[in-house]
Amino acid sequence: MTSKLFLRPALALISVLSTSKATLLNPDKNFPLNKLLRWTVYNHFCAGTNSKEVSKTVADVKKIGYQGVILGYSKEIVLDHNEKLVVDESGSAKYSDRCYEMVEEWKNGTLETLRMVGPGDFLAVKLTGAGPIAVDAMAARQPMPEAMAKAVDEICIATEKQGSRLWLDAEQQVLQKGLDNWALETMREHNKAENPIVYNTIQAYLKGSNANLDRHLTLAAEEGWTLGIKLVRGAYIEHETRSLIHDTQKDTDQSYDLIADTLLCRRMPADNDTLPFPKAALFLATHNAASAAKAISTYQERLLANKPTITLECGQIQGMADELSCQLVQNYERALEQSSAANLTVPKAFKCMTWGSVAECMGYLHRRAIENRGAVERTQHMVTALRRELWRRIIG
Ligand SMILES: Cc1cc2nc3c(=O)[nH]c(=O)nc-3n(C[C@H](O)[C@H](O)[C@H](O)COP(=O)(O)OP(=O)(O)OC[C@H]3O[C@@H](n4cnc5c(N)ncnc54)[C@H](O)[C@@H]3O)c2cc1C
């Protein structure tokens, strides 16, 4: 991965494999290709193809010391365009039965994923996976269609019953405004206890992210529900209207750190600062060690000075930024040796993973590779560390 010479053709190959309809290029039908992909990328980045494999991966990750996992289902249900609409007796077009079946299949896949994680873990929910009924309404910024509302409700209730949490993955801007409205509606409905069940995602690379946070804080404070925020930088820079995104990486970094600081220091927006800060929790989803260090040190300083803050948890994607994840695990374990769990001033560390057959995960793998190309190219230090460890084992 450190070699640009190999990385480019490898990305091109994964791109072909994730879109091709040829049987020979389908890893679920071509056994040697399946094996090759498992050895090279799948096993490194994905949790498994079925419940048994996923449970083992989750148990292994927890054995290393992670406090929990976040699990998502990679299957993307693809609808043939001709199947989408049918014409009823009055001559008007409506969604076909197949579209409603897709919502049901998505709900069942999400509930199956939920059963693979335990109390305290997160379920990663991709609302667009439910197909055209969800995507069209989201894009038009309409309220959640009834079929979706019922499915989401069922998923939230099952998540709460199991003692787990869920987060809603953020999408591109054409969908995100609608998705934010749905997320607010879902948090209003289900985040009634001290700790949130549902988290929405804020993308700090957007120029409007701070205003979006203000909106979330104000509504939670006015209406009295608990706010759950997963903070990311944003994954769609290559496909998004560029003017919506901060002009430089430095601006995105500042925006990310400011949003984390606002939440950890419990600052209400200036024009609503008479409202009390709502109950809230922050999940810091990043591979950026500097951002993680800043947020954690603010969190610790406030706890040690007996100043109020909010619950902080951190997580990275499986197969990525292991050096940061392992440092977080180590800090947590050290702190636990010196103090009781109730008095800890370090956040819990999580690993975020996806499951599905090798073919189902190709799209996910391709997106992750593109999105993290910069980080992948900065992995020279990992090769050096691996070479050193290999040598230590040979001579030791
Ligand atoms: C657990 C987890 C869950 C995630 N879930 C989601 C999700 O639901 N939705 C989503 O969109 N993303 C998601 N991501 C991906 C995330 O948005 C980032 O793409 C990825 O984590 C890389 O950013 P980073 O914070 O790790 O830091 P870095 O690798 O230091 O930062 C890279 C990021 O900086 C930004 N950036 C890069 N160049 C520029 C530039 N020239 N100008 C402005 N900004 C720039 C981009 O956002 C880029 O992704 C998730 C990441 C993690 C770890």
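Residues numbered from 1 in each chain as written. Predicted model: local features only at pLDDT ≥ 70, side-chain atom pairs only at ≥ 80, totals over all residues. Heavy atoms only, no water.

- In the annotation of an unreviewed UniProt entry, the entry for the protein reads Proline dehydrogenase, and the organism field reads Penicillium arizonense.
- In its Function (unreviewed entry) section, the UniProt entry covering the protein states "Converts proline to delta-1-pyrroline-5-carboxylate."
- Taken from UniProt, the Cofactor (unreviewed entry) comment for the protein reads in full: "FAD". (UniProt positions renumbered as here; feature names shortened; annotations may be inferred.)

**Remarks on the site of the ligand**
Here's step 1: Neighbouring residues of the ligand: 28 residues in total, closest Lys230, Gly234, Thr252, Thr286 and His287.
Here's step 2: Contacts to the ligand include glycine 234, whose backbone N or O atom sits 2.6 Å from an oxygen atom.
Here's step 3: In isolation the ligand offers 930 Å² of accessible surface; the protein chains occlude 89% of this area.
Here's step 4: For the shell around the ligand, the secondary-structure elements that each account for two or more residues are strand E7 (227-232), helix H9 (249-264) and strand E9 (311-317).
Here's step 5: Taken together, the residues of the shell around the ligand break down into 10 nonpolar, 11 polar and seven charged. (Near = heavy atom within 4 Å. Polar contact = N/O pair within 3.5 Å; in protein donor to acceptor, adjacent residues only side chain to side chain. Areas by Shrake-Rupley, 256 points an atom, 1.4 Å probe, with all protein chains shown as cover. Helix = DSSP H or I, 4+ residues; strand = E, 2+ residues; numbered from the N terminus. Nonpolar A, V, L, I, M, F, W, Y, C, P; charged D, E, K, R; others polar.)

**Details of the pairing of strand E8 (residues 280-285)**
Here's step 1: Burial analysis of E8 places six of its six residues in the buried class, the great majority of the element.
Here's step 2: Of the two faces of E8, the one lined by Ala280, Leu282 and Leu284 and the one lined by Ala281, Phe283 and Ala285 are each fully buried.
Here's step 3: Relative to E8, E7 is paired through five bridges, and the arrangement is parallel. What sits directly across from leucine 227, in E8, is alanine 280.
Here's step 4: For the crossover from E7 across H9 to E8, the handedness is right-handed.
Here's step 5: Bridge analysis of E8 against E9 gives five bridges, and the strand direction is parallel. Its bridge partner being in E9, leucine 284 is matched across the sheet by cysteine 314.
Here's step 6: A crossover links E8 with its parallel partner E9, the connecting element being helix H10 (residues 289-304), and its sense is right-handed. (Buried < 20%, exposed > 50% of the residue type's maximum accessible area, 1.4 Å probe, protein only. Pairing = 2+ DSSP bridges. Right-handed = clockwise from strand over helix to strand, strands pointing away.)

**Some details on the pattern of salt bridges**
Here's step 1: Tallied over the full model, the rule gives 18 salt bridges.
Here's step 2: The salt bridge involving glutamate 171 is made with lysine 126; its shortest N-O contact spans 3.1 Å. Of the two residues, glutamate 171 is situated in the loop between strand E5 (165-168) and helix H7 (173-190) and lysine 126 in the loop between strand E4 (122-125) and helix H5 (132-139); the sequence distance between them amounts to 45 residues.
Here's step 3: Assessed through its relative accessible area of 7%, glutamate 171 is described here as buried.
Here's step 4: Classification of lysine 126 by relative accessible area gives partly exposed; the value is 26%.
Here's step 5: The partner of aspartate 169 in a salt bridge is lysine 230, with the nearest N and O atoms 2.9 Å apart. (Salt bridge = Lys/Arg side-chain N within 4 Å of Asp/Glu carboxyl O.)

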